[in-house]
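# A look at the structure
So the chains spell out like this:
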Amino acid sequence: MIVAEQKPFEEIEEMLADYRRILVVGCGACVTVCAAGGEKEVGILSSALRIAAKAKGLEIEIVEKTIVRQCEPEYVEGLREYLADVDVVLSLGCGVGVQHLAEAYPKIRVLPGLNTGFMGGTREHGVWAEACAGCGNCILAETGGICPIARCSKSLLNGPCGGSHNGKCEISDEVDCAWQLIYDHLQALGLTSRLVEIRPTKDWATARDGGPRKVVREDLRL
Ligand code: SF4
Ligand code: SF4
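Residues numbered from 1 in each chain as written. Chains lettered and ligands numbered in written order. Predicted model: local features only at pLDDT ≥ 70, side-chain atom pairs only at ≥ 80, totals over all residues. Heavy atoms only, no water.

### Examining the site of ligand 1
- In the vicinity of ligand 1, the residues found are Cys132, Ala133, Gly134, Cys135, Cys138, Ile139, Leu140, Cys147 and Ile149.
- Counted by class, the shell around ligand 1 contains 8 nonpolar, 1 polar and no charged residues. (Near = heavy atom within 4 Å. Nonpolar A, V, L, I, M, F, W, Y, C, P; charged D, E, K, R; others polar.)

Here you go:
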């Protein structure tokens, strides 16, 4: 899932300073799971904005709405009825959601309430970690199901580097060395012989380096 965090309250307040009728839109998918932009967070943030405005003697009106997914046009279309009486939209979706709202409603200002981080997963309650960098040509079959692109600080294809120490990455004792994890996993599978194979330079054209990417599935198009 996409992992995001709410922007600092002061930054959100400042972005909204010129607006009095605000639609706060949550997203029911990834950002709900990582507790950044779901219905609950929409409610808490909206209340905080109302309280802050009242303390400053300002009259503001906030409409709260959470849709199933901000990255799907049919759900975004459902917001139209809420837009007539507002002068700004604060999206608590990821950056994809913000852009979908802005494109769908070009005549209304859409602002981001979250900082979008990475693709990751839940490690424990309240802890999410990056796991995939979306390189477009997955090599997990070669690396014991552990991604060196996303989880090695240097995205090394042949590791570890000289900085690996007691299973930790040289950048921090808090960060596991991805190549140590790869080694341990391949060892458990009796596949360490794979590690003597040199992985050639990766073709990054399928990753972000190749420019904005698009998937077209002709079989699904209407
Ligand atoms: S190899 Fe590429 S696609 Fe596979 S998990 Fe890593 S970044 Fe994601
Ligand atoms: S210590 Fe391990 S994870 Fe850190 S940069 Fe080196 S190989 Fe990558």
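### Side note on the side chain of Ser46
- Along the chain, Ser46 turns up in helix α3 (residues 39–55).
- Leaving out residues up to four positions away in the same chain, Ser46 has contacts with Val24, Ile62 and Glu64. (Helix = DSSP H or I, 4+ residues; strand = E, 2+ residues; numbered from the N terminus. Contact = heavy atoms within 4.5 Å.)

### Quick notes on the sheet that holds strand β7 (residues 127–132)
- Ordered in space as β1-β6-β7, the 3 strands form an open sheet in which the pairing is antiparallel. Both outer strands of the open sheet, β1 (2–6) and β7, are each paired with one neighbouring strand and no more. On average, adjacent strands in this sheet sit at an angle of 70° to one another, irrespective of strand direction.
- Pairing of β1 with strand β6 (residues 114–124) involves 5 bridges; the strand directions are antiparallel. Within β6, the position partnered with Ile2 by the bridge is Met119. (Pairing = 2+ DSSP bridges. Axes fitted to C-alpha atoms, helices over the stretch in contact; angles between N-to-C directions.)

### Focus: the environment of Met119
- Inspection of the secondary structure assignment puts Met119 in strand β6.
- When the C-alpha positions of Met119 and Glu130 are compared, they lie 5.6 Å apart, and in sequence the two are 11 residues distant.
- Not counting residues up to four positions away in its chain, the partners in contact with Met119 are Met1, Ala129, Glu130, Ala131, Cys132, Ala133 and Gly134.

### Quick look at the site of ligand 2
- Taken together, the neighbourhood of ligand 2 is formed by 13 residues, with Cys152, Cys161, Cys169, Cys177 and Ala178 sitting nearest.
- Class assignment of the residues belonging to the shell around ligand 2 gives a composition of 8 nonpolar, 3 polar and 2 charged.

### Things to note about the sheet that holds strand β5 (residues 110–112)
- Spatially, the 4 strands line up as an open sheet ordered β3-β2-β4-β5, and their pairing is parallel. Two strands bound the open sheet, and with one partner strand each, they are β3 (61–67) and β5. The mean inter-strand angle of the sheet, taken between neighbouring strand axes irrespective of direction, is 25°.
- Alignment of strand β2 (residues 21–27) against strand β4 (residues 88–91), held across 4 bridges, turns out to be parallel. Within β4, the residue paired with Leu23 across the bridge is Val89.
- The sheet contacts of α3 involve β2, β3 and β4, and relative to β3 the element is tilted by about 170°.
- Contacting β2, β4 and β5, helix α6 (residues 95–104) crosses the sheet at an angle of about 175° to β5.

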